[in-house]
Amino acid sequence: MSRLADYFVIVGYDYQKERSGLILQRFPEKDWSDTPFIDGIEWFCQPQGWTLSTERQEPRFFVSVLTDVDANRHYCACLCFNETVAITPSKPVDEEEAAVDRETPLLKPIIPSILHSSIMYAPKCLVLVSRLDYIETFRNCLGIIYCVYVENMPVPLETLVGNILGCIQVPPSGGPQVRFRLVIFYKLRWLRFDQINIFS
């Protein structure tokens, strides 16, 4: 039996370095002895690059397959979405244009290439890293975590992630089918999510 997933990672936009991602959280925080954490995973979460956007994009799911030095495959299932960010421009547009006029009076004012907007959208990714190839199962698990996060449901995300990383064991290939439900007891209520099947 092996774990369904080895790591869960939250990667967000790095505001200190432009066009870069930053690991905000990872579970577990210490490496497993049999599967070390993959450094640089933030580069595989946004294939088009880490950029702020003026338009909200729909959540998207994809899988990156990474191969380590021992030729072991690691499946990085990513669910990427945007979060609203308030941006304050350093100078108003009128001041920037006036500064250009004073510095180069012979040239026409240069139109700023970036639209000055007070609301931008920053990418954020939820990532499950596994040695197993259960793409639909990963999509379902990340979808549940995303819904709990976005809908602000009264469910501790740590419990969901802990159940996915620590409680779900998968038999070797050719073994019996595994079915599980992510069920959480919270404040005298049971919250049950959809049943997820694993075919080995």
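See the structure printed just above.
These figures come from a predicted structure and were not determined experimentally.

Caption draft 1: Structural detail: the sheet that holds strand β5 (residues 73–86). Reading across from one edge, β3-β2-β6-β5-β4 is the order of the five strands in this open sheet, with antiparallel pairing throughout. In this open sheet, the two strands that pair with only one neighbour each are β3 (21–27) and β4 (60–67). Strand-to-strand, the axes of this sheet are offset by a mean angle of 25°, without reference to chain direction. Here strand β2 (residues 7–13) runs beside strand β6 (residues 119–130); their pairing, made up of six bridges, is antiparallel. Looking at β6, one finds that I10 is bridged to L126. Most of the contacts of helix α2 (residues 135–150) go to β5, to which it runs at about 25°, and overall it touches β2, β4, β5 and β6.

Caption draft 2: Seen up close, unusual backbone geometry. The amide bond that connects F27 to the next residue, P28, takes the cis arrangement and shows omega of -15°. Assignment of secondary structure puts P28 in the loop between β3 and β4. Its identity as a non-glycine residue notwithstanding, A71 has a phi of 65°, on the positive side. For N152, which is not glycine, the phi torsion reads 55° and is therefore positive. Along the chain, N152 falls in the loop between α2 and α3 (157–167).

Caption draft 3: Geometry of α3. All buried positions along α3 are accounted for by L160, V161, I164 and L165. Down the axis, α3 shows its buried residues gathered within 115° of arc, on one side only. More than 90 degrees from the buried face of α3, the exposed residues found are E158 and C167.

Caption draft 4: A look at the side chain of S64. Residue position: S64 is located in strand β4. A distance of 3.4 Å separates the side chain of S64 from the backbone oxygen of F44, its partner in a polar contact. Beyond its immediate stretch of four places on either side in the chain, S64 contacts F44, H74, Y75 and C76.

Caption draft 5: How the structure looks around the pattern of salt bridges. Here the structure, examined in full by the defined rule, presents seven salt bridges. Salt-bridge contacts for D34 lead to R131; the nearest nitrogen and oxygen are separated by 3.7 Å. Note that D34 is positioned in the loop between β3 and β4 and R131 in the loop between β6 and α2, a separation of 97 residues in sequence. With a relative accessible area of 46%, D34 lands in the partly exposed category. In this structure, E83 and K124 form a salt bridge, with 3.0 Å as the shortest nitrogen-oxygen distance. Here E83, found in strand β5, pairs with K124, found in strand β6; they are 41 residues apart in sequence, far enough to count as distant. Classification of E83 by relative accessible area gives partly exposed; the value is 24%. What makes K124 buried here is its relative accessible area of 13%. Among the ionic contacts, a cluster of salt bridges with common partners joins R3, D6, D34 and R131.

Caption draft 6: The nonpolar core, seen in detail. By size, the foremost hydrophobic cluster in this structure holds 28 residues, and its most contacted members are L4, F8, L126, L128, L142 and I164. Among the secondary structure elements, those contributing two or more residues to this core are β2, β5, β6, α2 and α3. In terms of residue count, α2 provides more of this core than any other element does, seven residues in total. By size, the runner-up hydrophobic cluster in this structure holds 19 residues, among which are V9, L66, V85 and A122.

Definitions and limits used
- Residues numbered from 1 in each chain as written.
- Predicted model: local features only at pLDDT ≥ 70, side-chain atom pairs only at ≥ 80, totals over all residues.
- Heavy atoms only, no water.
- Pairing = 2+ DSSP bridges.
- Helix = DSSP H or I, 4+ residues; strand = E, 2+ residues; numbered from the N terminus.
- Axes fitted to C-alpha atoms, helices over the stretch in contact; angles between N-to-C directions.
- Contact = heavy atoms within 4.5 Å.
- Buried < 20%, exposed > 50% of the residue type's maximum accessible area, 1.4 Å probe, protein only.
- Arc of directions from axis to C-beta.
- Polar contact = N/O pair within 3.5 Å; in protein donor to acceptor, adjacent residues only side chain to side chain.
- Salt bridge = Lys/Arg side-chain N within 4 Å of Asp/Glu carboxyl O.
- Core = buried A, V, L, I, M, F, W, Y, C linked by side-chain atoms within 4.5 Å.

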